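A look at the structure
As a plain string of letters, each chain reads:
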Amino acid sequence: LLPLTMTPVRPRSIRKTELSSCWHRRQRKNKMEKIRTEIMDIIELIKEKYGDRCQLRSPLTKKQYEKAKKQLPAELCEILRVSNGIDETMKDPNTNQTMVIDSIIYTLAEIKNETEHYRSEFGGNGFVFAGNGAGDFYVLKPDGSITLYEYFYLSESYEADSLWDFFQTPTLQS
């Protein structure tokens with residue numbers, strides 16, 4: 001038996017590895033929780049901005065989400081995890097039925113397709129996530145900023161520092 005003041009100690013290298021691994025897992029978890037909170041705030045901001053003209057879609061399936069995590073930035077993945085695209089709608093004045101008139105945020109398939117087109121045709125860097133209704137598209141850049149790629153002028157212009165800032169401004173189909 002060991003005296004009460006002495007307890008068995010694991011080798012120091014194992015403890016460091018375990019602590020380091022645990023710390024990294026916790027950091028990743030905290031980062032994802034922060035991103036998810038920000039995304040829910042962005043979705044609420046979109047709902048406030050568009051009111052009853054905003055329609056969420058079904059979320060990505062777990063399999064689609066896992067695949068998307070390997071292909072897209074975390075911000076876009078988390079939005080699609082909640083709603084695979086967000087539509088702008090209006091009431092048809094003749095039938096009073098709700099109809100989709102545009103995308104506020106593209107679906108996963110549209111993001112992939114438009115991003116591939118943007119990169120191959122224009123040599124751009126980033127992820128296309130929405131259009132402006134005039135043939136131009138919004139791009140989430142690797143640094144998190146948003147640009148508008150103007151098809152007619154074949155040029156990009158800065159729009160916002162982040163998705164949050166982007167949806168706070170009246171630039172997108174307001």
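Refer to the structure printed above.
Summarised in this report is the structure supplied together with it. (Residues numbered from 1 in each chain as written. Predicted model: local features only at pLDDT ≥ 70, side-chain atom pairs only at ≥ 80, totals over all residues. Heavy atoms only, no water.)

Attention now moves to the overall build of the protein. When helices and strands are tallied, the protein shows 5 helices and 7 strands. Counting from the amino terminus, the protein carries its helices and strands in the arrangement α-β-α-α-β-β-α-β-β-β-β-α. Considering the protein as a whole, with its 174 residues, one finds that 34% of them fall into the buried category. Within the protein, contacts between residues at least 6 apart in sequence are counted, and of these 45% link residues at least 24 apart. (Helix = DSSP H or I, 4+ residues; strand = E, 2+ residues; numbered from the N terminus. Buried < 20%, exposed > 50% of the residue type's maximum accessible area, 1.4 Å probe, protein only. Contact = heavy atoms within 4.5 Å.)

Looking now at the pairing of strand β2 (residues 86–91). Side-chain positions along a regular strand alternate between the two faces of the sheet. By the bridge criterion, 3 bridges tie strand β1 (residues 54–56) to β2 in an arrangement that is antiparallel. Within the sheet, the bridge partner assigned to Leu56 lies in β2 and is Ile86. The sheet contact formed by β2 and strand β3 (residues 98–105) spans 6 bridges and is antiparallel. Note that in β3 the partner of Ile86 across the bridge is Ile105. Taking the residues that link successive antiparallel strands as the turn, the β2-β3 hairpin has 6 residues, and the phi of Asn96 there is positive, at about 65°. (Pairing = 2+ DSSP bridges.)

Here we come to the nonpolar core. Membership of the largest hydrophobic core comes to 37 residues, with the highest contact counts inside it found for Ile46, Phe129 and Phe167. With 6 residues, the top contributor of residues to this core is helix α1 (residues 12–50). Not counting the four nearest positions on each side in its chain, Phe129 is found in contact with Leu76, Ile104, Ile105, Tyr106, Ile111, Tyr138, Val139, Leu140, Ile146, Leu163, Phe166 and Phe167. (Core = buried A, V, L, I, M, F, W, Y, C linked by side-chain atoms within 4.5 Å.)

This part covers the packing of helix α2 (residues 62–69) against helix α3 (residues 74–82). Helix-helix packing is described using two parameters, namely the angle between the two axes and the distance between the axes. Close contact between α2 and α3 brings their axes to 9 Å; oriented N to C, the two are set at 170°. Relative to α3, α2 is oriented roughly antiparallel. Contact residues: Tyr65, Ala68 and Lys69 in α2; Cys77, Glu78 and Arg81 in α3. Per-class residue counts for the contact of α2 with α3 are 3 nonpolar, no polar and 3 charged. (Axes fitted to C-alpha atoms, helices over the stretch in contact; angles between N-to-C directions. Parallel < 35°, antiparallel > 145°, perpendicular 65-115°, else oblique. Nonpolar A, V, L, I, M, F, W, Y, C, P; charged D, E, K, R; others polar.)

What follows is about the sheet that holds β2. Strand order in this open sheet of 3 strands is β1-β2-β3, and the pairing throughout is antiparallel. Unpaired on one side and paired on the other, β1 and β3 mark the two borders of the sheet. Between one strand and the next, the sheet's axes are offset by a mean angle of 40°, whatever the strand orientation.

What follows concerns the pattern of salt bridges. Taken as a whole and assessed by the stated rule, the structure comprises 6 salt bridges. The salt bridge partner of Arg57 is Asp87, with a shortest N-O separation of 3.0 Å. In this pair, Arg57 sits in the loop between β1 and α2 while Asp87 sits in strand β2, placing the two residues 30 residues apart along the sequence. When its relative accessible area of 3% is taken as the criterion, Asp87 is described as buried. Between Glu66 and Lys69 there is a salt bridge; the shortest N-O distance is 3.4 Å. Here Glu66 and its partner Lys69 are both found in helix α2, 3 residues apart, which amounts to about one turn of the helix. (Salt bridge = Lys/Arg side-chain N within 4 Å of Asp/Glu carboxyl O.)

For the coordinates displayed, the defined rule picks out 10 aromatic pairs. When the centroid spacing of 6.2 Å and the interplanar angle of 40° are considered together, the rings of Phe122 and Phe137 count as tilted. Here Phe137 lies in strand β5 (residues 137–140) and Phe122 lies in helix α4 (residues 108–122), a separation of 15 residues in the sequence. Cluster of aromatic residues (ring-pair linked, three or more members): Tyr118, Phe122, Phe137, Tyr149 and Tyr151. Positioned over the ring face of Phe127 is Arg119, at 4.6 Å from the centre of the ring. (Phe/Tyr/Trp six-rings, centres within 6.5 Å; stacked < 30°, edge-to-face > 60°. Lys NZ or Arg CZ within 6 Å of the ring centre and 35° of its normal.)

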